[in-house]
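Chain by chain, the residues:
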Amino acid sequence: MGKQQKIAIIGGGAAGFFAAISAKQHWPNAQVSILEKSNKFLAKVKISGGGRCNVTHDCPDIKELSNAYPRGNTQLRKAFHQFAATDTFEWFESRGVALKVYPDGCVFPVANDSQVIIDCFMNTCKQLGIILKTQQYISKLEVSSTAVTIHNNEAIQTYDHVVICAGGQPKRSGLDWLAALGLEIIEPLPSLFTFNMPKNPISELMGTVVPNATVKIEGTKLSGQGPLLITHWGMSGPAVLLLSAWGARLLAEKNYQFAILVNWLDQKKEDDLRQDLTHTINAHGAKKLSNWNPTPLTNRLWNHLLVRAEISADQRWAEVGKKAINKLVNTLLNDRFEVQGKTTFKEEFVTAGGVALSEIDFQTMKSKKHPNLSFAGEVLDIDGITGGYNFQAAWTTGFIAGKHVF
Ligand SMILES: Cc1cc2nc3c(=O)[nH]c(=O)nc-3n(C[C@H](O)[C@H](O)[C@H](O)COP(=O)(O)OP(=O)(O)OC[C@H]3O[C@@H](n4cnc5c(N)ncnc54)[C@H](O)[C@@H]3O)c2cc1C
């Protein structure tokens with residue numbers, strides 16, 4: 001009988017557990033160990049989705065699914081042919097975790113508790129005989145053509161194959177041990193953040209939700225569409241988070257000082273709005289602007305926008321002049337705000353940057369330079385928008401990495 005192959009998975013998060021389980025299922029004779037630096041496995045899974053864990057997004061179409069990744073979309077499009085959102089659904093349901101699709105496409109456990117995902121992973125590892133070790137801080141790897149030596153706390157151990165699932169690192173220095181292997185590192189940056197507008201009176205309307213708005217970054221082609229939430233600090237909601245993900249690198253270059261243009265009326269065009277306002281003047285000319293709001297916006301926001309447009313709310317519609325209508329049109333469709341700083345979105349914080357995707361063969365998730373090393377999850381320069389896409393990337397890359405270790 002030949003020597004038992006030894007596989008180490010560095011990092012006991014979402015990608016690490018998926019990689020370990022996939023490795024053991026595809027290579028049942030190998031010894032598989034998860035080495036986690038902290039004293040807890042799956043810490044992010046636990047707090048994810050507000051403690052409910054948004055495991056994936058209901059998106060059977062691979063092209064559409066891959067479009068949710070500002071970084072990694074081309075590579076993931078290939079990878080999803082091996083394991084996509086529908087596979088995630090089957091994977092969990094076949095292990096007794098019932099899942100529910102919500103109207104916005106987000107998928108959560110029916111139990112509404114991330115603990116069921118953790119229990120599923122822990123039980124599966126137990127059944128398969130995967131070795132789980134905490135407080136294993138890996139600070140250095142040495143790679144030869146036949147083995148990988150891990151410097152783990154004070155100890156040194158040798159494995160036949162190592163899968164690196166160490167997650168996103170907020171600072172480049174957290175990736176120095178990987179850069180030391182000659183791997184190209186893309187500067188880590190936050191993705192998914194909200195826009196700060198200190199002292200802007202709009203924050204008086206905190207809690208206001210505009211169900212459909214379009215937000216553009218001035219001077220760029222970047223735009224985000226969807227619900228917009230006014231917060232104590234500025235603006236948040238899906239329209240803003242989309243922009244923060246797609247603009248992560250550009251906005252970091254601008255040191256998070258930039259201007260946005262808000263169309264409060266979704267994608268309404270100027271001609272259509274002018275027609276609506278003409279109709280309002282003709283049909284409701286005797287009514288005051290404060291009492292007759294021709295938009296779907298809340299009356300509080302409508303009145304705030306009248307102030308921003310410097311139009312008296314006590315005027316009657318019939319008295320509103322051409323100049324005021326122009327100002328109102330501009331405020332409703334092209335409202336300019338200065339953004340000064342960001343706040344990381346606590347519900348789902350992810351890191352753009354990490355190990356460069358050009359280093360990886362996405363058929364196997366192996367390093368092109370070191371074929372006895374593979375990578376999965378957020379340690380790579382991959383990130384998705386909110387809605388379960390970040391876990392999907394971790395499951396997909398973890399599954400492939402485990403399947404192709406040898
Ligand atoms: C609050 C919050 C909520 C989120 N909610 C969602 C959600 O609902 N849906 C979604 O799709 N995404 C969500 N995300 C994003 C998602 O959690 C991550 O994209 C995902 O966890 C990445 O998985 P990973 O295994 O690559 O990294 P991680 O989950 O970060 O795991 C990496 C592990 O590696 C360990 N490690 C790091 N370095 C070393 C080392 N040198 N040696 C040994 N171990 C090491 C870490 O301690 C960690 O346990 C959320 C993120 C946050 C912060």
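Computed from a predicted structure; not experimentally measured. (Residues numbered from 1 in each chain as written. Predicted model: local features only at pLDDT ≥ 70, side-chain atom pairs only at ≥ 80, totals over all residues.)

### So, the overall build of the protein
Tallying secondary structure elements over the protein gives 13 helices and 22 strands in all. For the protein, the spread of C-alpha atoms along the principal axes amounts to about 95 × 40 × 35 Å. Here the contacts in the protein between residues at least 6 apart in sequence split such that 73% fall between residues at least 24 apart. (Helix = DSSP H or I, 4+ residues; strand = E, 2+ residues; numbered from the N terminus. Contact = placed C-beta atoms within 7 Å.)

### Some details on the site of the ligand
Around the ligand sit 37 residues in total, of which Gly 11, Gly 13, Gly 49, Gly 167 and Gly 377 are the nearest. Sorting the residues of the shell around the ligand by element identifies helix H1 (14-26), helix H2 (43-51) and helix H13 (389-403) as the ones contributing at least two each. By residue number, the principal contributor to the shell around the ligand is H2, which donates 5 residues. The residue inventory of the shell around the ligand, partitioned by class, reads 17 nonpolar, 13 polar and 7 charged. (Near = placed C-beta within 6 Å. Nonpolar A, V, L, I, M, F, W, Y, C, P; charged D, E, K, R; others polar.)

### A short note on the domain arrangement of the protein
Each assigned domain of the protein is listed here: domain 1 (6-190 + 347-403) and domain 2 (193-344). Looking at side-chain class alone, the side of domain 1 that touches domain 2 contains 6 nonpolar, 1 polar and 1 charged residues. (Domains from an automatic or database assignment.)

### A word on the pairing of strand E13 (residues 209-217)
Across 6 bridges, the pairing between E13 and strand E14 (residues 223-230) is antiparallel. By the bridge assignment, Thr 214 is partnered in E14 with Gln 225. As consecutive antiparallel partners, E13 and E14 are separated by 5 residues, and within that stretch Gly 219 has a phi angle of approximately 80°, a positive value. By the bridge criterion, 4 bridges tie E13 to strand E16 (residues 257-263) in an arrangement that is antiparallel. When the sheet's bridge partners are listed, Ile 217 is paired in E16 with Ile 260. (Pairing = 2+ DSSP bridges.)

### Regarding the sheet that holds strand E12 (residues 193-196)
Sheet strands associate in pairs through backbone hydrogen bonding, adopting either a parallel or an antiparallel arrangement. Pairing is antiparallel across the open sheet formed by 7 strands, whose spatial order is E17-E16-E13-E14-E15-E12-E18. In the strand order of this sheet, the two ends are held by strand E17 (335-340) and strand E18 (342-344), each with one partner. In this sheet, neighbouring strand axes are inclined to one another by 40° on average, regardless of whether the strands run parallel or antiparallel. (Axes fitted to C-alpha atoms, helices over the stretch in contact; angles between N-to-C directions.)

### Regarding the environment of Leu 183
On the secondary structure map, Leu 183 appears in the loop between helix H7 (176-179) and strand E11 (185-191). Once you skip the residues sitting within four places of it in the chain, Leu 183 turns out to touch Leu 178, Val 355, Glu 359, Ser 367 and Lys 369.

### Digging into the packing of helix H10 (residues 270-284) against helix H12 (residues 322-333)
Two elements in contact, H10 and H12, have axes whose closest approach is 11 Å; the angle formed by their N-to-C orientations is 130°. Between H10 and H12, the interaxial angle falls into the category oblique. Note that H10 runs across H12; the crossing there is right-handed. Between H10 and H12, the contacting residues are Glu 270, Leu 273, Arg 274 and Leu 277 on the first element and Ile 325, Val 329, Leu 332 and Leu 333 on the second. The class makeup of the residues in the contact of H10 with H12 is 6 nonpolar, no polar and 2 charged. (Parallel < 35°, antiparallel > 145°, perpendicular 65-115°, else oblique. Left-handed = near helix turned anticlockwise from the far one by under 90°.)

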